[in-house]
Amino acid sequence: MSRRRFLLGGATLATGLLVADAAWLEPQAVRVDRLSLRLARMPAGRSLRLVQLSDLHLRECNDYFQGIAAQVNRLQPDLILLTGDYVDRNRNLDGVLEFLGQLRAAHGIVAVQGNWEYWARIEGDRLRRRFDRVGVRLLINQRHDLTLSGAPLSILGVDYPASGDQVAHMRRIANRKRINILLSHVPAFAHDLLGDGIALILCGHTHGGQVRLPFLPPLYLPRFSGPFVSGLYHTETTGLPLYVSRGLGTSTLPIRFMCPPEITLVELRGPEPT
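Below: a short report on this structure. (Residues numbered from 1 in each chain as written. Predicted model: local features only at pLDDT ≥ 70, side-chain atom pairs only at ≥ 80, totals over all residues. Heavy atoms only, no water.)

## Topic: the side chain of Glu 262
Part 1 of the argument: Of note, Glu 262 is situated in strand E12 (residues 262–269).
Part 2 of the argument: At 2.5 Å, the side chain of Glu 262 and the side chain of Tyr 243 are in polar contact.
Part 3 of the argument: One polar contact links the side chain of Glu 262 to the main-chain amide nitrogen of Arg 246, over a distance of 2.9 Å. (Helix = DSSP H or I, 4+ residues; strand = E, 2+ residues; numbered from the N terminus. Polar contact = N/O pair within 3.5 Å; in protein donor to acceptor, adjacent residues only side chain to side chain.)

## A closer look at the pairing of strand E6 (residues 142–148)
Part 1 of the argument: The pairing of E6 with strand E7 (residues 151–158) spans seven bridges and is classified as antiparallel. Across the sheet, Gln 142 pairs through a bridge with Gly 157, a residue of E7.
Part 2 of the argument: Hairpin geometry of E6 and E7 is characterised by an intervening segment of two residues between the two adjacent antiparallel strands and by a positive phi of about 50 degrees at Ser 149. (Pairing = 2+ DSSP bridges.)

## So, the sheet that holds E12
Consider a sheet: its strands pair through backbone hydrogen bonds, and that pairing is either parallel or antiparallel.
Part 1 of the argument: As summarised here, the arrangement of the six strands in space is E1-E12-E2-E3-E4-E5, forming an open sheet in which the pairing is mixed. Either end of the sheet is taken by a strand with one partner, and the two such strands are strand E1 (31–38) and strand E5 (136–138). Across the sheet, the axes of successive neighbouring strands diverge by a mean angle of 25 degrees, strand direction being ignored.
Part 2 of the argument: The strands that helix H5 (residues 125–132) touches are strand E4 (109–112) and E5; relative to E5, the one it contacts most, it runs at about 160 degrees. (Axes fitted to C-alpha atoms, helices over the stretch in contact; angles between N-to-C directions. Contact = heavy atoms within 4.5 Å.)

## Some details on the pairing of strand E11 (residues 241–244)
Part 1 of the argument: Here E11 shows two buried faces, one formed by Pro 241 and Tyr 243 and the other by Leu 242 and Val 244.
Part 2 of the argument: Judged from the three bridges that link them, strand E9 (residues 200–203) and E11 form a sheet pairing that is parallel. Counted as the bridge partner of Leu 202 is Tyr 243 from E11.
Part 3 of the argument: Where strand E10 (residues 231–234) lies against E11, four bridges are found, and the strand directions are antiparallel. (Buried < 20%, exposed > 50% of the residue type's maximum accessible area, 1.4 Å probe, protein only.)

## Considerations on the packing of aromatic side chains
Part 1 of the argument: According to the stated counting rule, one finds seven aromatic pairs in the structure shown.
Part 2 of the argument: With a centroid separation of 6.2 Å and 40 degrees between ring planes, the pair formed by Tyr 118 and Tyr 160 is classed as tilted. Of this pair, Tyr 118 sits in helix H4 (residues 115–119) while Tyr 160 sits in the loop between E7 and helix H6 (164–173), placing them 42 residues apart in sequence.
Part 3 of the argument: Among the residues examined, Tyr 118 registers a relative accessible area of 29% and is labelled partly exposed.
Part 4 of the argument: Given the relative accessible area of 18%, Tyr 160 is considered buried. (Phe/Tyr/Trp six-rings, centres within 6.5 Å; stacked < 30°, edge-to-face > 60°.)

So, in structure tokens, the structure goes:
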């Protein structure tokens, strides 16, 4: 074999492996990423386990999503939080409901909607009624109060696209005596309108860039992503922790590269006992 043919064969093999990784291996390689925060309002020595899921873009409730449900249930979350974009172009809401019906959390599931729910025209009360049937509470610029492990917890859900009026409303309905967690599909909005009464903001929307190359910024991010790609940030004005999930599905192209899908386990801890 000539050197030229050897190099060409090697390049062809490498390209094939990269395509296989991006189109098959990595989109299936779900990773559990952990975020741990210590909060003064949590009772000393207590903790909460929250699971965030985002950007399903579910085409069918196949083995991949059934495996995700099993992984989530093994984490034994106190609460599951969903941050939008459940459907894809085929608008398979029945498949989404089948998946959500397999999830188990001690204190239920709370959700907000994303841009794909609006594009599919299944948003608002129509989606709320369907979610209710599988035990998912959909928040549309609303607050949901719970008491978990002795902690007064409030989940606030701001609707897509998190306009200034919607965000200001979140500030008005937040109770500063409670632990306030804000769900927003998009990460880029007027965070300064929230004030400093929010303990954590959970978002999705970006897919983490979906296709990443070493040492380079994402090739593409959707509108309302801003500088937020994936992982933990702090807002510029008030320093609120803001976490962006890479999500579970894919959009436009069914590929991922250097950007695996994500289940987020959020652990909220109280002060150390004295």
